[in-house]
Amino acid sequence: MKRALLEECLVTLQRVRVLKHNELDPSVIAELDAVITKMTLLLETEGQFVVVDRVLTERILTTIGRVAVCLDWVRRISQQFLE
């Protein structure tokens, strides 16, 4: 993965964390913080291309899903598609 793409993903997750912290369950915030920390560590230790292992990729996607479920407006939109 290109470093710039990982940086963009990290910034987006950090913004979600700041802007939606009052809407998220504490366990989701804790997982989001852990993922953000892991991504930050990768950016500090890697070069132009960053190798994101499968476990971290799955953890990031799972966390994004948990964040989405916690946000009421996302839940309402997804329910409309499932009806």
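Residues numbered from 1 in each chain as written. Predicted model: local features only at pLDDT ≥ 70, side-chain atom pairs only at ≥ 80, totals over all residues. Heavy atoms only, no water.

Here we look at the pattern of salt bridges
Where we set the bar: A side-chain nitrogen of Lys or Arg and a carboxyl oxygen of Asp or Glu constitute a salt bridge if their distance falls within 4 Å. Under the scheme applied here, a residue whose accessible area is under 20% of the maximum for its type counts as buried, over 50% as exposed, and between as partly exposed, the area being computed with a 1.4 Å probe on protein chains only. Runs of E in the DSSP output that reach at least two residues are strands. Runs of H or I that reach at least four are helices, and both are numbered from the N terminus.
Counting across every chain of the model gives 5 salt bridges. Here Glu-23 ties to Lys-20 by a salt bridge, and the two come within 3.3 Å at their closest N and O atoms. Glu-23 sits in the partly exposed class, given a relative accessible area of 33%. The exposure class assigned to Lys-20 is partly exposed, which follows from its relative accessible area of 24%. Here Arg-54 makes a salt bridge to Glu-58, at a shortest N to O gap of 2.8 Å. Here Arg-54 and its partner Glu-58 are both found in helix α3 (residues 54-70), 4 residues apart, which amounts to about one turn of the helix.

Structural notes on helix α2 (residues 26-45)
Selection rule: Any helix carries an expected span of 1.5 Å times its number of residues minus one. Note on definitions: a residue-residue contact is assigned when non-hydrogen atoms from the two residues lie within 4.5 Å.
With 20 residues, α2 should reach 28 Å at 1.5 Å per residue; the first-to-last C-alpha distance of 29 Å fits that figure. Here the buried face of α2 lies against α1 (3-19) and α3.

Digging into the packing of α1 against α2
This is how the line gets drawn: Angles here are taken between N-to-C directions and fall from 0 to 180 degrees, while the axes themselves are lines fitted to C-alpha atoms, restricted in helices to the stretch in contact. Orientation categories follow fixed angle ranges, with anything under 35 degrees roughly parallel, anything over 145 roughly antiparallel, 65 to 115 roughly perpendicular, and all other angles oblique. By convention, the crossing between two helices is left-handed when the near helix turns anticlockwise from the far helix through less than a right angle, and right-handed when the turn is clockwise. Nonpolar residues are Ala, Val, Leu, Ile, Met, Phe, Trp, Tyr, Cys and Pro. Charged residues are Asp, Glu, Lys and Arg, and all others, Gly as well, are polar.
At a minimum axis separation of 10 Å, α1 and α2 run at an interaxial angle of 155°. When the axes of α1 and α2 are compared, the pair comes out roughly antiparallel. The way α1 lies across α2 gives a crossing that is left-handed. Note on element contacts: α2 touches α1 through Ile-29, Leu-32, Asp-33, Val-35, Ile-36, Met-39, Thr-40, Leu-42 and Leu-43, opposite Arg-3, Leu-6, Glu-7, Cys-9, Leu-10, Leu-13, Gln-14 and Arg-17. By residue class, the composition of the contact of α1 with α2 is 11 nonpolar, 2 polar and 4 charged.

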